[in-house]
Amino acid sequence: MTRLKSILGYTAAALTVAATMLTPFLLMNFFTRGVAATGLRIDPVYTGGEVVREIARDGYRVRVHRAVYPGTPLQRIEPFVQLDWTPAAALPAQVSEEVDLDGDGQADLRARFSVPRDPNAELRVDVEPLGPRVKALRGVGKESFHAMIARVGEAVVVRVPLVTDTR
Amino acid sequence: MRLLTEAALLGLASGPACLASCGPVLAPWLVAERAGWRRALGLLSVFLGGRLAGYLLFAIAAGLLGATMPLGARARALLFAAAHLGLAATLVVYGLRPRRGRPEPPLVTIGPARRSWMPVLLGLFTGVNLCPPFVVAAVRAMETGSVAGAVLFFLAFFTGTAVWFVPFAALGALRVAETAATVARYTMLALAAYYAYLGILTLLARLLDG
Amino acid sequence: MADHVATPDSRGIGRSLLLTLPVALWALLMFSRALGVPGVAVKVAALLTLIFLVTLFFLMVRTRQTNRWRRWFFATLGFLFPIGFIWELIALRGSMSIPMEKMIAGDTPFCFMVIPMILLPAALTRTVIFPGAILPTASNPHSIAVMIGLWMAATLVLGKGWCAYGCFFGGIEEGIAAMPRKARIRKIDGRWRLVPWAVLAAIVLLSLATLAPTYCEWLCPFKTITEYAEVRSIETAIQAGIFLSLFLGLVIVLPWLTKKRTQCAFFCPFGAFQSLFNKIHIFEIRIRRDECKDCVSCQNSCPTMALSKQSVADGKTLINCMHCGACVDVCHKDAAVWHIKGTPVGAAPERARLLHLYAAWGFAIMFGGSIIAGTLTKMLGFLG
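From a predicted model like this one, the values you see are computed outputs, not experimental measurements.

**Digging into the overall build of chain B**
For step 1, the next point in the chain: Helix and strand counts for chain B come out as 8 helices and 0 strands.
For step 2, the next point in the chain: Buried residues in chain B amount to 43% of all 210 residues.
For step 3, the next point in the chain: When contacts within chain B are restricted to residue pairs at least 6 apart in sequence, those whose partners lie at least 24 apart make up 86%.

**Details of the domain arrangement of chain C**
All names here are of chain C.
For step 1, the next point in the chain: With domains assigned, chain C is organised as domain 1 (1-83 + 349-384), domain 2 (96-273) and domain 3 (282-347).
For step 2, the next point in the chain: Taking only C-alpha atoms into account, the centre of domain 1 sits 25 Å from that of domain 3.
For step 3, the next point in the chain: Each partner contributes to the interface: domain 1 provides 14 residues, whereas domain 3 provides 16 residues.
For step 4, the next point in the chain: Secondary-structure elements contributing two or more residues to the side of domain 1 that touches domain 3 are α3 (67-93) and α17 (349-366).
For step 5, the next point in the chain: Broken down by element, the residue count for the side of domain 1 that touches domain 3 peaks at 5 residues, all from α17.
For step 6, the next point in the chain: Its residues assigned to classes, the side of domain 1 that touches domain 3 comprises 5 nonpolar, 5 polar and 4 charged.

**Comments concerning the pairing of strand β10 (residues 147-152) of chain A**
Residues and elements named next belong to chain A.
For step 1, the next point in the chain: Counting buried positions along β10 gives 6 out of 6 residues, so the element sits mostly inside the fold.
For step 2, the next point in the chain: Pairing of strand β9 (residues 142-144) with β10, which is carried by 2 bridges, proceeds in the antiparallel orientation. Bridge pairing links Ser144 to Ala147 in β10.
For step 3, the next point in the chain: Two successive antiparallel strands, β9 and β10, enclose a turn made up of 2 residues.
For step 4, the next point in the chain: In textbook terms, the turn of a hairpin is the stretch between consecutive antiparallel strands, and for β10 and strand β11 (residues 155-161) this stretch comprises 2 residues, one of which, Gly153, has a positive phi near 60 degrees.

**Some thoughts on the interface of chain B and chain C**
A common way to state how big an interface is: give the accessible area lost once the parts meet.
For step 1, the next point in the chain: Listed as interface residues are 16 residues of chain B and, on the opposing side, 13 residues of chain C.
For step 2, the next point in the chain: Of the residues forming the side of chain B that touches chain C, the biggest block, 9 residues, is contributed by helix α8 (residues 178-209) of chain B.
For step 3, the next point in the chain: Its residues placed into classes, the side of chain B that touches chain C shows 11 nonpolar, 5 polar and no charged.

**Some details on the interface of chain C and chain A**
For step 1, the next point in the chain: Contact residues are listed per partner, giving 43 residues for chain C and 40 residues for chain A.
For step 2, the next point in the chain: Mapped onto the side of chain C that touches chain A, the elements with two or more residues apiece are α4 (100-104), α5 (115-125), β2 (127-128), α6 (144-158), α9 (195-210) and α17 of chain C.
For step 3, the next point in the chain: The dominant element in the side of chain C that touches chain A, judged by the number of residues it contributes, is α6 of chain C, at 10 residues.
For step 4, the next point in the chain: Among the residues making up the side of chain C that touches chain A, the classes are represented as 30 nonpolar, 9 polar and 4 charged.
For step 5, the next point in the chain: The sheet contact formed by strand β1 (residues 41-42) of chain A and β2 of chain C spans 2 bridges and is parallel. Across the sheet, Arg41 of chain A pairs through a bridge with Thr127 of chain C, a residue of β2 of chain C.

**What to know about the confidence of the model for chain C**
For step 1, the next point in the chain: Looking at chain C, the pLDDT average stands at 93 and 98% of residues meet or exceed 70.
For step 2, the next point in the chain: Across the whole predicted complex the pTM is 0.91, and at the interface the ipTM reaches 0.89.

**Considering α17 of chain C**
For step 1, the next point in the chain: For α17 of chain C, which comprises 18 residues, the first-to-last C-alpha distance of 26 Å matches the rise-based estimate of 26 Å (1.5 Å per residue) to within 8%.
For step 2, the next point in the chain: For α17 of chain C, the buried fraction is high: 15 of the 18 residues fall into the buried class.

**Focus: the packing of helix α1 (residues 2-33) of chain B against helix α6 (residues 147-162) of chain B**
Residues and elements named next belong to chain B.
For step 1, the next point in the chain: The interhelical angle for the contact between α1 and α6, taken along N-to-C directions, is 40 degrees, at an axis separation of 6 Å. Between α1 and α6, the interaxial angle falls into the category oblique. The chirality of how α1 crosses α6 is right-handed. Contacts between α1 and α6 involve Leu3, Leu4, Ala7, Ala8, Leu9, Leu10, Gly11, Leu12, Ser14, Gly15 and Cys18 from the former and Leu152, Phe153, Ala156, Phe157, Phe158, Thr159, Gly160 and Thr161 from the latter.
For step 2, the next point in the chain: Residues of the contact of α1 with α6, tallied by class, amount to 13 nonpolar, 6 polar and no charged.

Each value, and the rule that gives it
Residues numbered from 1 in each chain as written. Chains lettered and ligands numbered in written order. Predicted model: local features only at pLDDT ≥ 70, side-chain atom pairs only at ≥ 80, totals over all residues. Helix = DSSP H or I, 4+ residues; strand = E, 2+ residues; numbered from the N terminus. Buried ≥ 20, exposed ≤ 12 C-beta atoms within 10 Å, placed from the backbone. Contact = placed C-beta atoms within 7 Å. Domains from an automatic or database assignment. Nonpolar A, V, L, I, M, F, W, Y, C, P; charged D, E, K, R; others polar. Pairing = 2+ DSSP bridges. pLDDT = per-residue confidence, 0-100. Expected span 1.5 Å × (residues − 1). Axes fitted to C-alpha atoms, helices over the stretch in contact; angles between N-to-C directions. Parallel < 35°, antiparallel > 145°, perpendicular 65-115°, else oblique. Left-handed = near helix turned anticlockwise from the far one by under 90°.

The following block contains the structure:
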């Protein structure tokens, strides 16, 4: 029994050394693919959630994402919906438009923001609620994940907080 | 009857949210107790009693004040802050003091023994967190139009949420080593710091908003 | 960096070279791509790193001492990593802070310290509570899948030894702790060892309750030398203050005063998490009771207080042993020995040590070596 345990021990030790050699060629790739295959997604608080509608405009489009709600009472975000104006390069210098969030033909909000030529310039947005779902924003920049405007890649992203309990 | 069923179902549906709020407090506390099955169930009952007390106080207020009960953002935030500060204080006292009547291992010798009513406080402060399901329950309770109706509604709501807490008794029954119990007590102190911060921040934000 | 180590007989040069040969070949393989890339800085950096790491291994083999030489690698990694990382951030963004738009775009590099916090939320919600990318992108090669894959491989090979051969943060304390001749604070209550477990439990529970990486948002001292959320409010300013205070206290001041790795031993929740894997790791350090004279040199030498009076009496280390070998190096009676689980304790400790070193140093060359070479490339390129 002692001999068997020793053999197993040395075998495991040798396999550990082998695992080191296999790490850059096999193991790391294997584990990476395994993680990717789990189907995990990034929390929509960060990504903004999936796109549910696209509204075509003149030369650009507005993408409406699925509303994101806090998953627990202690999660420190309010419910919000993300809107992307893309491509940013095709936007007029001043954007002021109404957006229908749920496709019922009724505009839910009016968003107003300037689009400076400098892509690194700070942005500010005003949101006027036109329906009961949306909260107002006045001169908001990057206050929080649930109320903000920023240039993200080729899009101007606006996140509008929703009135609580409007699922 | 229909109303009570609605309340119980609302409570059941709110269970995961309740667990997310109360779990961080319950888990280390029950591990630290090292109580065994029976005593763990007893402690859990006392904790749930504290939660029930919080619910019923709210129910009585909802029944008495009716539609005039302030449930707006400011009132909720102030109550949230008070509950978190109370919870933080209770966690600190609980974390630092050994239990009365049992010889504590040498690792934990700070302060005199604590009282057995502390689980009630833990339950009270975690129960009153005014999460959306709680607010919905409060609004429905107010709509009953009477104190008795509101109390019954919250009792049924509480029963629905309480079902989710029963498995926690298993933690208390673990009879972990004294090291693990000490880690659990330190965890409570760490959590106290977080809840205190949340409470102070919420209070300051509301006071500054005017 | 010399402590009062025991000095066993050295191994012959010829035999030492022979035993070093596999590591030298491995290092050549790992750096072969860099050596083939056009550009003097890349080649010189790769060569310097290769010589450095192979020389240290040779010395570990020849002198039969582990920690005495390992520390040089680890401290070098600890000091060069932040230089290279900050350099890259400034080059890419012009700042160490992460703006919100980068988080939304999934450009935040994933750090292994987040792993304990994301597990339960991922199991329950099937989402990762971190503003990164699952798969690597051009702007974020350090994606979640890649870093977790790397961590899994590292855990298989090193177990808790990650804290002695892999972690690019621990070397800072290691280097600072080695500088003073004597510790100013010598008596440290053993209960402090339990704090990392409490921090781990608290951040796991809070991350589940808040669906946010609590340690990254509030407690990580190494935000000071890597990256942090833009300071745009009182709350983010408080967070920055906490990071800075913890870094100065736990990573600079206390290691200097105690000659211990105080952040690792008394705070780091990832270290506590990684300790769990010591239960299944095949290598360990044991104490031979029949040789031990209870001089407590091993306990005093351990940078993370992984030996207690009781554990030594039981012939083993505590669960938080990171296999650095400091206790073995310092033991004058050869009571503290390297051991492979399943084999008789003390039967062939040097064989156990060498097998452990082949695995651990092989990983160190692959991972830490690439970081060292990368930073040296930047520095040489700047100078040249």
